[in-house]
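Given next are the chains, with one letter for each unit.
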Amino acid sequence: MGTENPNRPNFPARPAVTPFAAQQSATPFLSSGSVVGSEAPPFRPVSTASSQFSAPPFSAGSEGPAFRPPPTSRSNELVRPPPPSASYGPPSSGFQHFASPQMPSTGQLPPPRTSFTGQPVVPMQTRPPPGHVSLPSQPQPPSVPMGSPPQSIKTGQPNMNIPLSADQHFLPSRPNAQASSPPMGPSYAAPRGTFQSAFPGYANMQPNSVAQAPPMQPSSFPLQQGNYGPPAPPTPILSQQRGYAPGPPMSTPSGLYTGNQMQQHGIAPPLANSQGLAEDFSSLSLGSVPGSFDAGVDVAALPRPLGGDVEPKTFAEMYPMNCSSRFLRLTTSGIPNSQSLASRWHLPIGAVVCPLAETPAGEEVPVVNFATTGIIRCRRCRTYVNPYVTFTDHGRKWRCNICSLLNDVPSDYFAHLDASGIRVDMDQRPELTKGSVEFIAPAEYMVRPPMPPLYFFLIDVSASAVQSGMLEVMSQTIKSCLDDLPGYPRTQIGFITYDSTIHFYNMKSSLMQPQMMVVSDLDDIFIPLPDDLLVNLSESRSVVEAFLDSLPSMFQNNMNVESAFGPALKAAFMVMSQLGGKLLIFQNTLPSFGVGRLRLRGDDIRVYGTDKEHILRLPEDPFYKQMAADFTKHQIAVNVYAFSDKYTDIASLGSLAKYTGGQVYYYPNFQSSIHKDKLRHELARDLTRETAWEAVMRIRCGKGVRFTTYHGNFMLRSTDLIALPAVDCDKAYAAQLSLEETLLTTQTVYFQVALLYTSSSGERRIRVHTAAAPVVADLGEMYRLADTGAIISLFSRLAIEKTSSSKLEDARNAVQLRIVKALREYRNLYAVQHRLTGRMIYPESLKYLPLYGLALNKSTPLRGGYADAQLDERCAAAYTMMALPVKKLLKLLYPNLVRVDDSLVKTEEFDISKRLPLTIGSLDTRGLYIFDDGFRFVVWFGRAISPDIAQNLLGEDFALDYSKVSLSQRDNEMSRKVMKILNKYRESDPSYFQLCHLVRQGEQPREGFFLLTNLVEDQVGGSSGYADWMLQLFRQIQQNA
């Protein structure tokens, strides 16, 4: 998903406009630290001789600390815990190493760990419960129990009086941060310094030593554009001077307990008499008594989706006749029975629909042809007959499950009922037993004769397109796919090329070679020979092949650098408007001639953080949105392939795909020697996958609820009719639900998705997916039936849409705030009942929601600011994510990380499911790892990897710069094994092609760009790490809890 040119200045540090912002800053949640995505002010260096505390570390009346602060001579040093992995190389010059301090004990002790405040924390000596992973136990002063505190001890909730304004949309009010607020690390710290020899806390730390940073002087991390630096240490933010100073020690998570474990270990009351879902929540222990000690964050116990997407099974078991979740997923399968209950849910209520999702062999959607009977539908709400309709009056009538109307059964469709009221021919009627079915539509469902599959190519042939090799790879790929284009022998094809002029091609079947016609008048476009520009592929096959063979050489000496893209787009529309079809645009240059020309507005650092920031992410010229509306009206879908190494305004060009149901493919700095396989695979997939043409989609639902907003790449034709000129299995759409009635009286709500389309074979068809969901009166039941994948899929679309009208920071805050509100509401349900005041609790169904929320805020469309992603890269990623199905999106947010060197030297088969947490601690310096986000592979070679492995995989190139080395199959067993693993990942999801990037440990900035910044659990580049994020959420949940 990211830019594949690590040699450009990546992530340049952006100087803050005002280093110390005024008190009226709009940064939310300030007293508990910056929210993900917010820019923290630069720290003010403190003299190393000064005291670490600017105020007493504990408020009056609280328990005093059981240890003394560190000596003031080293008060400003940064103490970092050692990484979980103990196999890193020698220390670099960036950090000093000190011997472990001696502690009064009877045995040899590991070094003291550190809390997030930067102060040493002495862990508890108590033995962890069985099955609970924790850090090594160490001696400690007498500590306070982690459960409910004794009555003699004052319960020390963090002092966070931050009321959340109910009338603000997605944003809390600006708090008055208290000096005694718990410390919190910056979320997106402002400038970054030069990239040190390794990331902080990585590779330069020994397992049994405490790494301490030297005093931070302004010169420690020079802030230079385009370089990395260690993130600022987590610190509290004082309310007045906006300086940094340590706060009181704050205990941090020590483990996860499920409801059953809590009962087993005596930390919760018996659950037998608790109502509803008490056993379905997990909890994260957080001591909240001042002066208490614990072992720091037990990072290993935090929940991670290492098994991939987890779908709720209970829902499928409750309604076995529902369509598969690959077609329709609800954010919660428990529909609230009242508007008041819905308002307490705080997460989106809605659905994610992928109407043409690929099905495994043996699970194909059955096709039903009613022939003379006609399709059976409700005469009032137009619902299609489905497994949830009921038959009465001896089979002569059927009751609609959506609107409850009694309909007559046509005589041709009549069947008797058995003693239980079931039709006797039920097993012969797929539409009455299957949640997904496809009807053959009769003539009344056609406005015009079914269109043939039509592919039209609009190709940039300017100098940069030729020199990059794009033209040659594209021509070869199209030629290789001609036999596999769907719809033979009806398929139509046509071509236009352009630079500063427009070139049409006569492909008439009687010609030996295509005829080229050049139109240079860009103000008054006309179509020469309109009948011969679109031809039947089977009739003109030889002419088309001759054209594709000669295209690269035809323009090989072209020195024209201009682009008349707008006029060429109008010409393509004029050619295609009679039939419709799919328009594939290959664009290499910023449009510079004629209508639709775009200026080099670029990425302006000065507008980030202002009210004008979002304008950069909007189309500059209304011409493109107007053209998209015309394309949709005439059943034309647009796919944009963008290749330039310079700014090409993807925000404007991508709107053509957004409003026509298409997609954007982005190949920054395209070079055929590197990227040809990716382009070849993705273009071939686009041309050959089964496509539904001239489609419309509607989602119906039961009485009292309705879908109000729709999100994805399409255009709404009416309030609920989605126009989709072309649909395929790689596209998904989301919709939000609202209650129309104050109180629902039904026990079940039914949903039906209907997609009316033309198949490539020329049949008009209706694909129908039906699902039922229970109506619930209990908020806990809504949480139990929640689907994290669907929630995050809807969240991502809402957040990306928000970036087109607000700042990036506002979009990130909106995600965080809704997660906080939802978990706070859940906490209010159970915290008092189970005396869990000192723990973060959340439903089992949403245990991955915080991590996916963090990953979403770190994704390319939302992360950071000016320095963190190029504008074109950000916009292209946003257009892509708006169309992704749930599983593909979740893999992009939390990619696979697997270790493969063990299986290379052993004979055992590689287990593709052995995923590792996305943190630097998962990387062993002796290992070989593959990182896969569905869009690219990163193969990471540890610094101490066996030379045999490197030489077997890379041959004589193993010692070269890895940016110049490619991974290809060599004649040895190790190489064959690695290529087999990569191919297995590619085959598991063929929608995109993962290009392989090789990275050597310590090779910067390449390693940082491709891998380290994508380890979402780490605190990199100023963004929160997973443990910090959980603490932020917990502290905000406790406010007004």
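Residues numbered from 1 in each chain as written. Predicted model: local features only at pLDDT ≥ 70, side-chain atom pairs only at ≥ 80, totals over all residues. Heavy atoms only, no water.

Looking only at helices and strands, one finds 21 helices and 37 strands in the chain. Taking the intrachain contacts of the chain between residues at least 6 apart in sequence as the baseline, contacts between residues at least 24 apart amount to 78%. Accessible surface for the chain amounts to roughly 39800 Å². Of this, 52% is attributable to carbon and sulfur atoms. (Helix = DSSP H or I, 4+ residues; strand = E, 2+ residues; numbered from the N terminus. Contact = heavy atoms within 4.5 Å. Areas by Shrake-Rupley, 256 points an atom, 1.4 Å probe, with all protein chains shown as cover.)

With 12 residues, helix H5 (residues 470-481) extends 17 Å from end C-alpha to end C-alpha; this agrees with the ideal 16 Å at 1.5 Å per step. Within the sequence span of H5, burial applies to Met 470, Leu 471, Val 473, Met 474, Ser 475, Thr 477, Ile 478 and Cys 481. Buried residues belonging to H5 abut strand S18 (454-460), helix H4 (463-467), strand S19 (492-498), helix H6 (541-554), strand S23 (581-587) and helix H10 (672-688). (Expected span 1.5 Å × (residues − 1). Buried < 20%, exposed > 50% of the residue type's maximum accessible area, 1.4 Å probe, protein only.)

A few words now on a nonpolar patch on the surface. On the surface, Met 516, Val 518 and Met 554 cluster together into a nonpolar patch covering about 250 Å² of accessible area. Looking at the element boundaries, Val 518 is found in strand S21 (residues 515-519). (Patch = residues over 30% accessible without salt bridge, like charges linked within 9 Å, V, L, I, M, F, W, Y side chains within 5 Å. Salt bridge = Lys/Arg side-chain N within 4 Å of Asp/Glu carboxyl O.)

This brings us to the sheet that holds strand S35 (residues 928-932). Spatially, the 4 strands line up as an open sheet ordered S34-S35-S36-S37, and their pairing is mixed. Whereas interior strands pair on both sides, the edge strands pair on one side only; in this sheet they are strand S34 (896-899) and strand S37 (995-1000). Shown here is a sheet whose adjacent strand axes are inclined to one another by a mean of 20 degrees, direction ignored. The sheet contact formed by S34 and S35 spans 4 bridges and is antiparallel. By the bridge assignment, Val 898 is partnered in S35 with Ile 930. Here helix H19 (residues 973-988) sits on the sheet in contact with S34, S35, strand S36 (936-941) and S37, set at roughly 15 degrees to S35. (Pairing = 2+ DSSP bridges. Axes fitted to C-alpha atoms, helices over the stretch in contact; angles between N-to-C directions.)

This paragraph deals with the environment of Leu 618. Tracing the sequence through the fold places Leu 618 in the loop between S23 and helix H8 (622-633). Residues Leu 618 and Cys 875, 257 residues apart in the sequence, show an inter-C-alpha distance of 9.1 Å. In contact with Leu 618, not counting residues within four places along its chain, are Arg 601, Ala 651 and Ser 804.

What follows concerns the pattern of salt bridges. Two side chains that carry opposite charge are able to pair once their charged atoms sit near each other. This model, assessed by the stated rule, comprises 43 salt bridges. When the shortest N-O distance is used, the salt bridge between Lys 887 and Asp 309 registers 3.1 Å. You can see Lys 887 sitting in helix H16 (residues 886-893) and its partner Asp 309 sitting in the loop between strand S9 (281-285) and helix H2 (313-318), a full 578 residues away along the chain. The exposure class assigned to Lys 887 is partly exposed, which follows from its relative accessible area of 49%. Owing to a relative accessible area of 19%, Asp 309 belongs among the buried residues under this scheme. With a shortest N-O distance of 3.1 Å, Asp 425 and Arg 429 are connected by a salt bridge. Three or more residues are tied together by salt bridges with common partners; here these are Glu 358, Lys 582, Arg 685, Asp 686, Arg 689, Asp 728, Asp 730 and Lys 731.

Turning our eyes to something else, we now look at the nonpolar core. With 183 residues, the main nonpolar core has Phe 439, Phe 457, Phe 495, Phe 586, Phe 751 and Ile 766 as its most contacted residues. If we ignore the near neighbours within four places in the chain, the residues touching Phe 495 are Phe 456, Phe 457, Ile 459, Ile 478, Tyr 505, Met 507, Leu 533, Val 544, Phe 547 and Leu 548. Among the nonpolar cores identified, the runner-up in size contains 53 residues, and Leu 522, Ala 568, Tyr 624 and Tyr 879 belong to it. (Core = buried A, V, L, I, M, F, W, Y, C linked by side-chain atoms within 4.5 Å.)

The 3 strands lie next to each other as S14-S15-S16, forming an open sheet whose pairing is antiparallel. With one partner strand each, in any of the chains shown, strand S14 (390-392) and strand S16 (406-408) form the two edges of the open sheet. Strand after strand, the sheet turns through a mean of 35 degrees between neighbouring axes, direction not considered. The sheet contact formed by strand S15 (residues 397-399) and S16 spans 3 bridges and is antiparallel.

The next point concerns the packing of H8 against helix H9 (residues 650-658). Between H8 and H9, the shortest axis-to-axis distance is 8 Å and the interhelical angle comes to 15 degrees. By the angle between their directions, the pair H8 and H9 is classed as roughly parallel. Here the hand of the crossing between H8 and H9 comes out right-handed. Contacts between H8 and H9 involve Tyr 624, Lys 625, Met 627, Ala 628 and Phe 631 from the first element and Ser 652, Leu 653, Ser 655 and Leu 656 from the second. Residue composition of the contact of H8 with H9, grouped by class: 6 nonpolar, 2 polar and 1 charged. (Parallel < 35°, antiparallel > 145°, perpendicular 65-115°, else oblique. Left-handed = near helix turned anticlockwise from the far one by under 90°. Nonpolar A, V, L, I, M, F, W, Y, C, P; charged D, E, K, R; others polar.)

Time to look at the pairing of S18. Counting buried positions along S18 gives 7 out of 7 residues, so the element sits mostly inside the fold. The alternating pattern of S18 places Leu 454, Phe 456, Leu 458 and Asp 460 and Tyr 455, Phe 457 and Ile 459 on opposite faces, both of which are buried. Of the strand pairs in this sheet, S18 and S19 are connected by 7 bridges, and their pairing is parallel. Within S19, the residue paired with Phe 456 across the bridge is Gly 494. As judged from the 5 bridges shared by S18 and S23, these two strands associate in the parallel manner.

The element strand S29 (residues 722-727) is largely enclosed, with a buried count of 6 among its 6 residues. In the sheet, strand S26 (residues 692-701) pairs with S29 via 5 bridges, with the strands oriented antiparallel. Of the residues in S29, the one forming a bridge with Ala 692 is Val 727. Two elements, strand S28 (residues 715-716) and S29, share 2 bridges in a ladder whose sense is antiparallel. From the neighbouring strand, Met 715 faces S29, where its bridge partner is Ala 723. The turn joining S28 and S29, which pair antiparallel and follow one another in sequence, is formed by 5 residues.

Right, let's talk about the packing of helix H13 (residues 808-830) against helix H14 (residues 849-857) for a bit. Interhelical geometry of H13 versus H14 gives an angle of 170 degrees and a closest axis separation of 9 Å. As the angle between them shows, H13 and H14 are arranged roughly antiparallel. Across from Arg 812, Val 815, Ile 819 and Leu 823 in H13, the residues of H14 making contact are Leu 849, Pro 850, Gly 853, Leu 856 and Asn 857. Residues belonging to the contact of H13 with H14 are distributed by class as follows: 6 nonpolar, 2 polar and 1 charged.

The next point concerns unusual backbone geometry. Of note, the bond from Tyr 488 into Pro 489 is cis; its omega dihedral lies within 30 degrees of zero at 5 degrees. The amide bond that connects Gln 1004 to the next residue, Pro 1005, takes the cis arrangement and shows omega of 0 degrees. With respect to the helices and strands, Pro 1005 occurs in the loop between S37 and helix H20 (1006-1010). Look at Asn 669: it is not a glycine, yet its phi comes out positive at around 55 degrees.

Before going further, it helps to examine the confidence of the model for the chain. Of all residues in the chain, 71% have pLDDT values of 70 or greater, and the mean over the chain is 77. For the stretch residues 287-296, pLDDT sits under 50, and the model shows 41 contacts to residues farther than four places along the chain or on other chains. (pLDDT = per-residue confidence, 0-100.)

A complete count under the given rule lists 32 aromatic pairs for this structure. Ring geometry for Phe 714 versus Tyr 733: centroids 6.1 Å apart, planes at 65 degrees, classification edge-to-face. Here Tyr 733 lies in strand S30 (residues 733-739) and Phe 714 lies in the loop between strand S27 (705-711) and S28, a separation of 19 residues in the sequence. Here Phe 714 and Tyr 733 have matching classes, each one buried. A network of ring pairs unites the aromatic residues Phe 457, Phe 495, Tyr 505, Phe 547, Phe 586, Tyr 641, Phe 643, Tyr 665, Tyr 667, Phe 670, Phe 935 and Tyr 992 as a single cluster. The ring of Tyr 384 is capped by Arg 377, whose NZ or CZ atom sits 4.1 Å from the centre of that ring. Between the NZ or CZ atom of Lys 658 and the centre of the ring of Tyr 659, over which it lies, the distance is 5.6 Å. (Phe/Tyr/Trp six-rings, centres within 6.5 Å; stacked < 30°, edge-to-face > 60°. Lys NZ or Arg CZ within 6 Å of the ring centre and 35° of its normal.)

Over its 12 residues, H8 extends 17 Å from the first C-alpha to the last, a length consistent with the 16 Å expected when each residue adds 1.5 Å. Taken as a whole, H8 has its buried residues at Phe 623, Tyr 624, Met 627, Ala 628, Phe 631 and Thr 632. Buried residues along H8 sit against helix H7 (565-576), S23, strand S24 (636-642), H9, S28 and S29. Two to three positions downstream of the cap, the backbone nitrogen of Phe 623 sits 2.9 Å from a side-chain oxygen, assigning the N-cap of H8 to Asp 621. Positive backbone phi, at 60 degrees, marks Gln 635, one or two positions downstream of H8. (Polar contact = N/O pair within 3.5 Å; in protein donor to acceptor, adjacent residues only side chain to side chain.)

Here we come to the side chain of Ser 760. For Ser 760, the position within the fold is in the loop between strand S31 (748-758) and strand S32 (764-776). A distance of 3.1 Å separates a polar atom in the side chain of Ser 760 from a polar atom in the side chain of Glu 690. Within the structure, the side chain of Ser 760 is placed 3.2 Å from the side chain of Trp 693, a separation counted as a polar contact. Setting aside residues no more than four positions away along its own chain, Ser 760 makes contact with Pro 453, Pro 486, Gly 487, Arg 490, Glu 690, Thr 691 and Trp 693.

Residue placement: Thr 803 occurs in helix H12 (residues 788-803). Among residues more than four places away in sequence, those in contact with Thr 803 are His 614, Arg 617, Leu 808, Ala 811, Pro 861 and Leu 862.

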